[in-house]
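Now for the letters of each chain:
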Amino acid sequence: MREVAVPEAGGYTLTQARVHRAHLPGTVLEWDGDGFALADIAVADGKIASVAAASAAPPASAAVPLDGRVVFPGFVDCHTHLDKGHIWPRKPNPDGSFGGALDAVAEDAAANWSASDVRARMEFALASAHAHGTVAIRTHLDSQPGQEAISWPVFESVR
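Residues numbered from 1 in each chain as written. Predicted model: local features only at pLDDT ≥ 70, side-chain atom pairs only at ≥ 80, totals over all residues. Heavy atoms only, no water.

A.B. asks: Explanation requested: the sheet that holds strand β3 (residues 47-53) in the structure shown.
C.D. replies: Adjacent strands of a sheet form backbone hydrogen bonds with each other and so pair up, either parallel or antiparallel. The sheet built from 4 strands is open, its strands ordered β3-β2-β1-β4 with mixed pairing. Every other strand in the sheet has two partners, leaving β3 and β4 (62-65) as the edge strands with one partner each. In this sheet, adjacent strand axes meet at a mean angle of 35 degrees when their direction is disregarded. Both strand β1 (residues 12-20) and strand β2 (residues 36-44) contribute to a ladder of 7 bridges, which runs antiparallel. In the sheet register, valine 19 faces β2, and the bridge partner there is alanine 37. (Pairing = 2+ DSSP bridges. Helix = DSSP H or I, 4+ residues; strand = E, 2+ residues; numbered from the N terminus. Axes fitted to C-alpha atoms, helices over the stretch in contact; angles between N-to-C directions.)

A.B. asks: Explanation requested: helix α3 (residues 148-158) in the structure shown.
C.D. replies: Each α-helix turn comprises 3.6 residues. Residues three or four places apart therefore point the same way. Listing the buried residues of α3 in full gives Ser151, Val154, Phe155 and Val158. With its buried residues spanning 105 degrees around the axis, α3 presents them on a single face. Taken together, the buried residues of α3 touch α2 (115-131) and β6 (134-139). (Buried < 20%, exposed > 50% of the residue type's maximum accessible area, 1.4 Å probe, protein only. Arc of directions from axis to C-beta. Contact = heavy atoms within 4.5 Å.)

A.B. asks: Help me out: how do you make sense of helix α1 (residues 98-112) in this one?
C.D. replies: The end-to-end C-alpha distance of α1, which contains 15 residues, comes to 21 Å, matching closely the 21 Å that a straight helix rising 1.5 Å per residue would cover. Residues of α1 that are buried include every one of Gly100, Ala104, Val105, Asp108 and Ala109, and no others. Along α1, the residues classed as buried sweep out an arc of 160 degrees about the axis, all on the same side. (Expected span 1.5 Å × (residues − 1).)

A.B. asks: Would you take a moment to explain the packing of aromatic side chains for this structure?
C.D. replies: Taken as a whole and judged by the stated rule, the model has 1 aromatic pair. Ring centres of tryptophan 152 and phenylalanine 155 lie 6.0 Å apart, and the angle between their planes is 85 degrees; on these two criteria the pair is classed as edge-to-face. With tryptophan 152 and phenylalanine 155 both in helix α3, this residue pair falls 3 residues apart, about one helical turn. In this structure tryptophan 152 comes out as partly exposed when scored by relative accessible area, which is 41%. Note that arginine 18 overlies the ring of phenylalanine 36, its terminal NZ or CZ placed 4.2 Å from the centroid. (Phe/Tyr/Trp six-rings, centres within 6.5 Å; stacked < 30°, edge-to-face > 60°. Lys NZ or Arg CZ within 6 Å of the ring centre and 35° of its normal.)

A.B. asks: I'm lost on the side chain of threonine 15 in this one. Help?
C.D. replies: Relative to the helices and strands, threonine 15 is located in strand β1. When sequence neighbours within four positions are dropped, the list of residues in contact with threonine 15 reads Ala39, Asp40, Pro59, Ala63, Val64, Pro65, Leu66 and Asp67.

A.B. asks: Even after reading the chapter, I still don't get the environment of leucine 29, so can you show me in this structure?
C.D. replies: Residue position: leucine 29 is located in the loop between β1 and β2. With 25 residues separating them along the chain, leucine 29 and alanine 54 place their C-alpha atoms 8.9 Å apart. Dropping the residues within four chain positions of it, leucine 29 is found in contact with Val19, Leu24, Ala37, Ala39, Ala52 and Ala53.

Shown next as structure tokens:
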């Protein structure tokens, strides 16, 4: 896959972007049988300024040619546990049960959850989510005695 460079400052237009009608209700474009259309997406001040049918004319702002690549809105993860994630390699839950998960987390927390461990796992989770298009995350944090003194300060600094 070819990487697409997006200007860091100023306005730009994503040209020949493939968009789905589910994300643009009421927008008049030439939708194909799968519900996609080619569009030009103008971006100003980090926000979508307009979406219009793809044009052969050069845009007024810097062009970022997408050549038919699909564009989706950013993902929102509305339920995660940043302090519990990424422990499977050292403490798996082979039966996949809720009870197994609780046991695995409790055992791993007792053995490994220092501020540096929690920070490393949170930072990895956030970097991975961002790299794959996640724009917002809602998390839970363990707050039982002892753990709250580790997880909450780390969360405060990484958020």
